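# Survey of secondary and tertiary structure
If you want the building blocks of each chain, they are given just below.
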Amino acid sequence: EPQQLELTTTSKRKLRRFIVIDEVVDKLYGSKIREYFEENNVQHKILALPTTEETKSMDVVLNILQEVQDFSIDRRTEPIIAIGGGVCLDIVGLAASLYRRRTPYIRVPTTLLSYVDASVGAKNGVNFLQCKNKLGGYTPPIASFLDRSFIQSIPRRHISNGLGEILKMALMKHKGLFDLLKNRGKYLLDTKFQSCSGFADHGDAALQTTRIAIETMLEELAPNLWEDDLDRLVDFGHVISPELEMRVLPSLMHGEAVNVDMAFMTYVAHVRGLISAEEKEQILQCMRGLELPVWHSGCSWALIKTALKERLKHSGGQPRMPLPTSLGMADIFNDTSEETLERAYKLWVRE
């Protein structure tokens, strides 16, 4: 904004920024980021941390807050910057929301998963008592800066992991996105979501895929930012997966656990008669094409029953189960019997 720019350029106080960066990202891009702040004469502190599901705790949040306090930032004009994957963005978002009750922060996602998922919306949090994101809040960032060039440096498995969350939105809301993933999935994996033409145009598969995924996510999240309505299509793939992911750490990444959940729920939808056998096979074929797991030995019938009990606790006593009703369309169901779930589970395991 012109007024802010003028205030910044005329102020005698030096610009200051506190940055939290994932330690792996720091090794790849840390020198460029430091050069940027130095060339722009910005006093800065860069805190590089290991940000994984195993380290996603209040201890890390408190560590960040101690460093923020020592650096001493202005609570309204000096946003904390988070550069990393979804775990990093979640942790920093919670830290910022706690410091002086609300300090602005900026998200810079560096993985495909965080690009289309964690960068959008207001949620932040950490794991607690072996439960995923049990502590957290709703404090949106003042901005998310999206740059797909970060994605070229992440391993292929991490890109596949992000495709799990994109497929979620495709199955729930957008047949065109599903077709893109089915037909161009391997190309997106091979090119690591880079715009090969040298500039991103609307015919670019990577741009189309990420744009539609983010737009459909925003359509779902924006009217219900604080989750006052617990019927959420974006919970597809997140009914069983929180329990599974924490139970088998670190063998499954988040998007992989979500996909295992979605694969099971695809069988549930089929057994209920919501989708045909052909549609079920199309979904599973697409998942395999995106190099995502469609089953995991840790997802036992006992774990599914435990996960559903946990689901009832934080969903107002209803399962609120999102299920596909065709390719690109879905609804929320509260009447799926245990017998139906068990039949779907046995068919899933058998196939």
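Since the model is a prediction, treat every value here as computed from it, not as a measurement.

Cut-offs used in this document
Positions within a chain are numbered from 1, following the residues in the order the chain's sequence is written. Local features in a predicted model are, by the rule used here, given only for residues with pLDDT of at least 70; side-chain atom pairs are given and counted only at 80 or more, and totals for whole chains, interfaces and linings are based on all residues. Remark: hydrogens and water are excluded; side-chain values derive from all non-hydrogen atoms of the structure. Each residue is assigned to one of three classes by its accessible area relative to the maximum for its type, calculated with a 1.4 Å probe on protein chains only: buried under 20%, partly exposed between the two thresholds, exposed over 50%. Secondary structure follows DSSP: runs of H or I at least 4 residues long count as helices, runs of E at least 2 residues long count as strands, and numbering of each begins at the N terminus. If you view a crossover with the strands going away from you and the path from the first strand over the helix to the second runs clockwise, you call it right-handed. DSSP-based pairing: two strands are paired if at least 2 bridges between them are found. Nitrogen and oxygen atoms within 3.5 Å of one another constitute a polar contact, given that in protein one can donate a hydrogen and the other can accept it, and given that sequence-neighbouring residues count only through two side-chain atoms. Residue ranges labeled as domains rest on an automatic or database domain assignment. Any two residues whose heavy atoms approach within 4.5 Å are treated as being in contact. The term buried area refers to how much accessible surface (probe radius 1.4 Å) is lost by two components on association, counted for both of them together. By convention in these notes, a salt bridge is any Lys or Arg side-chain nitrogen within 4 Å of a carboxyl oxygen on Asp or Glu. Any residue outside Ala, Val, Leu, Ile, Met, Phe, Trp, Tyr, Cys, Pro, Asp, Glu, Lys and Arg is labelled polar, Gly included; the first ten of those are nonpolar and the last four are charged. Exposure above 30% relative accessible area and the lack of any salt bridge qualify a residue for a patch; like charges then connect within 9 Å, and the nonpolar side chains Val, Leu, Ile, Met, Phe, Trp and Tyr within 5 Å. For every accessible area listed, the method is Shrake-Rupley and the probe measures 1.4 Å; residues are considered covered only by the protein chains on display. Asp and Glu are treated as the negative residues and Lys and Arg as the positive ones, with His and the ends of the chain left uncounted. In plain terms, the charge of a residue is placed at NZ if it is Lys, CZ if Arg, CG if Asp and CD if Glu. Here, axes are lines fitted to C-alpha atoms. For helices the fit covers the stretch in contact, and angles between N-to-C directions go from 0 to 180 degrees.

It is worth spelling out the pairing of strand β1 (residues 16-22) at this point. Taken across its seven residues, β1 has seven buried, putting it largely inside the fold. On β1, burial covers both faces: R16, F18, V20 and D22 on one face and R17, I19 and I21 on the other are all buried. Between β1 and its parallel partner strand β2 (residues 43-49), the chain crosses via helix α2 (residues 23-39), and the hand of that crossover is right-handed. Both β1 and strand β3 (residues 80-84) contribute to a ladder of four bridges, which runs parallel. Along β3, the bridge assignment pairs F18 with I80.

Another point: the side chain of T191. Turning to its location among the elements, T191 is positioned in helix α7 (residues 175-191). Here the side chain of T191 touches Y187 through a polar contact of 2.7 Å, landing on its backbone oxygen.

What follows is about the environment of L113. The topology assignment puts L113 in helix α5 (residues 112-118). Its relative accessible area of 13% is what places L113 among the buried residues. Sequence separation between L113 and G85 is 28 residues, and the spatial gap between their C-alpha atoms is 7.4 Å.

Partitioning the protein chain into domains gives domain 1 (16-151) and domain 2 (155-195 + 203-224 + 232-350). Computed over C-alpha atoms only, the centres of domain 1 and domain 2 are separated by 27 Å. With 19 residues of domain 1 at the interface, the matching set in domain 2 holds 28 residues. Carbon and sulfur atoms make up 68% of the area that domain 1 and domain 2 hide from each other, which totals about 1,900 Å². Where domain 1 meets domain 2, there are two salt bridges. When the shortest N-O distance is used, the salt bridge between K134 and E310 registers 3.9 Å. Taken together, domain 1 and domain 2 are joined by four residue pairs in polar contact (both at pLDDT 80 or more). Taken together, the elements giving at least two residues each to the side of domain 1 that touches domain 2 come down to α5, β5 (123-128) and β6 (131-138). In terms of residues, the side of domain 1 that touches domain 2 owes the most to one element, α5, which gives five residues. A per-class count over the side of domain 1 that touches domain 2 returns eight nonpolar, four polar and seven charged.

Attention now moves to a positive patch on the surface. Taken together, the side chains of R75, R76, R100, R101 and R102 present a region of like positive charge at the surface. Checked against the element boundaries, R101 lands in the loop between α4 (86-98) and β4 (105-109).

Here we take up the sheet that holds β1. Where strands meet in a sheet, backbone hydrogen bonds hold them as pairs that are either parallel or antiparallel. In space, the five strands of this open sheet follow the order β2-β1-β3-β4-β7, with parallel pairing throughout. The strands lining the two open edges of the sheet, one partner per strand, are β2 and β7 (143-144). Here α2 sits on the sheet and contacts β1, β2 and β3; the angle it forms with β1, its principal contact strand, is near 160°.

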